[in-house]
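So the chains spell out like this:
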Amino acid sequence: MKLTNIFSLPDAIVKAIANDSYNAGPCDISCTRLVDSPRKVALEVQHAKDLVEDVSDRIWSLFGQSIHTILERADSTPALKENRLTMTRQNWVISGQFDRFVVADGLLQEYKTTSVFAVKDECRQSWQTQMNVLAHLLREHGYTVVKLQVCAILRDWRRSQADRTQDYPISPVLTIDIPLWTPEKAEDWIDTAVRKHQAARTELPECEDRWETPTTYALMRTGRKTAVRVYDNQIDADNALVAAGPNHELICRRGRNLRCEQYCSVRDYCTQYQSYAQTAEKEMSTSA
Ligand code: SF4
């Protein structure tokens, strides 16, 4: 991975990011990658030397590392902290590092510096998978895991939003209980995931982890900036337009693959994304 500095950020920031001490250790796959899209991971491995990332895109990772360091320094409860464990499945070594495991309580905790969007269900699902893989690593090494928890620090939390929006987190820091899988379920999940990642190294599968947002239809009234109402299917939207009468129109807000468009470092090498982007461009030029 090559780093660029397109915004001419201060040298100290560039060096702090370039000197990231993260190392998955000697393994075939890390726990973080195991829970990720096999297509994305296979492309990352294939193009490791060609990938380019700007330091500005790593700033939240740097922020997360500093939070981890400060919290670890302040934590006086006897616990295992930042330990890395491995296990072998299908001849692959899987490696995972957890933030904090209180042996006496069987409590596994992870700190996540993240966005409000990420605490919604879809991202919680990936936390659930990742933490259950870590729990299984602990079991493999003889520990008993009783409870899983994420401590989420929301970097974009706004009090004004919390006061007026339903389902918005009530605090910038949340402790979220994560369901603990049975050992059998964890073992099955890991076995299947390893096989999928191994197969992806030979033939790229479809990527399902694209953070898709649905296509919606906004009913707009002349002279008003915001939508009168947003519909998730065209039939309801067409009926609403007829009922609303003159001075109204429908605007189609096309669903997007947010991860591909904004967050995936391998999109330049991903034919699935390129074909999606071409289709989206065609649709836009037809509707223009
Ligand atoms: S560009 Fe999109 S489809 Fe391709 S690997 Fe990345 S997330 Fe998956």
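Residues numbered from 1 in each chain as written. Predicted model: local features only at pLDDT ≥ 70, side-chain atom pairs only at ≥ 80, totals over all residues. Heavy atoms only, no water.

## With respect to the overall build of the chain
Moving on, step 1. Across its full length, the chain carries ten helices and 13 strands.
Moving on, step 2. Overall, the chain is about 70 × 50 × 45 Å in size when its C-alpha atoms are taken along their principal axes.
Moving on, step 3. Within the chain, the proportion of its 288 residues that are buried is 38%.
Moving on, step 4. Taking contacts inside the chain between residues at least 6 apart in sequence as the whole, the part at least 24 apart equals 68%.
Moving on, step 5. Carbon and sulfur atoms form 51% of the exposed surface of the chain, whose accessible area is close to 17300 Å². (Helix = DSSP H or I, 4+ residues; strand = E, 2+ residues; numbered from the N terminus. Buried < 20%, exposed > 50% of the residue type's maximum accessible area, 1.4 Å probe, protein only. Contact = heavy atoms within 4.5 Å. Areas by Shrake-Rupley, 256 points an atom, 1.4 Å probe, with all protein chains shown as cover.)

## Things to note about the sheet that holds strand β8 (residues 107-114)
Moving on, step 1. Strand order in the open sheet formed by five strands is β4-β7-β8-β9-β10, with mixed pairing between adjacent strands. Only two strands of the sheet have a single partner each, and these edge strands are β4 (80-81) and β10 (173-178).
Moving on, step 2. Here strand β7 (residues 100-102) pairs with β8 via three bridges, running antiparallel. Across the sheet, residue Val102 finds its bridge partner in β8, namely Leu107.
Moving on, step 3. Each of β4, β8 and β9 (147-154) is contacted by helix α4 (residues 59-74), which is oriented at about 140 degrees to β8, the strand it contacts most. (Pairing = 2+ DSSP bridges. Axes fitted to C-alpha atoms, helices over the stretch in contact; angles between N-to-C directions.)

## Let's talk about helix α3 (residues 38-46)
Moving on, step 1. Of all nine residues that make up α3, seven are buried, and the element is covered over most of its length.
Moving on, step 2. Here α3 has its buried residues at Pro38, Arg39, Lys40, Val41, Ala42, Leu43 and Glu44.

## Notes on the domain arrangement of the chain
Moving on, step 1. Annotation of the chain at the domain level lists domain 1 (2-200) and domain 2 (216-287).
Moving on, step 2. Each of domain 1 and domain 2 was reduced to a C-alpha centroid, and the two centroids are 32 Å apart.
Moving on, step 3. Across the boundary between the two partners, domain 1 contributes nine residues, which contact eight residues of domain 2.
Moving on, step 4. In this assembly, domain 1 packs against domain 2 so that about 830 Å² is buried in total across both faces, 62% of it on carbon and sulfur atoms.
Moving on, step 5. The three residues of domain 1 that bury the most area against domain 2 are Arg39, Lys40 and Leu43, which together make up 52% of that side's buried surface.
Moving on, step 6. The interface formed by domain 1 and domain 2 contains one salt bridge.
Moving on, step 7. Notably, a salt bridge pairs Arg259 with Asp36, separated by 2.9 Å at the nearest N-O pair.
Moving on, step 8. Here domain 1 is connected to domain 2 by two residue pairs in polar contact (both at pLDDT 80 or more).
Moving on, step 9. Along the lines of polarity and charge, the residues of the side of domain 1 that touches domain 2 split into two nonpolar, two polar and five charged. (Domains from an automatic or database assignment. Buried area = accessible area lost by both parts, 1.4 Å probe. Salt bridge = Lys/Arg side-chain N within 4 Å of Asp/Glu carboxyl O. Polar contact = N/O pair within 3.5 Å; in protein donor to acceptor, adjacent residues only side chain to side chain. Nonpolar A, V, L, I, M, F, W, Y, C, P; charged D, E, K, R; others polar.)

## Section: the site of the ligand
Moving on, step 1. As a matter of local geometry, the ligand sits amid Lys40, Cys207, Arg210, Arg259, Cys260, Cys264, Val266, Arg267, Cys270, Gln272 and Tyr273.
Moving on, step 2. Of all the secondary structure elements, the ones that give two or more residues to the shell around the ligand are α9 (258-263) and α10 (271-287).
Moving on, step 3. Looking at the shell around the ligand, its residues break down into six nonpolar, one polar and four charged. (Near = heavy atom within 4 Å.)

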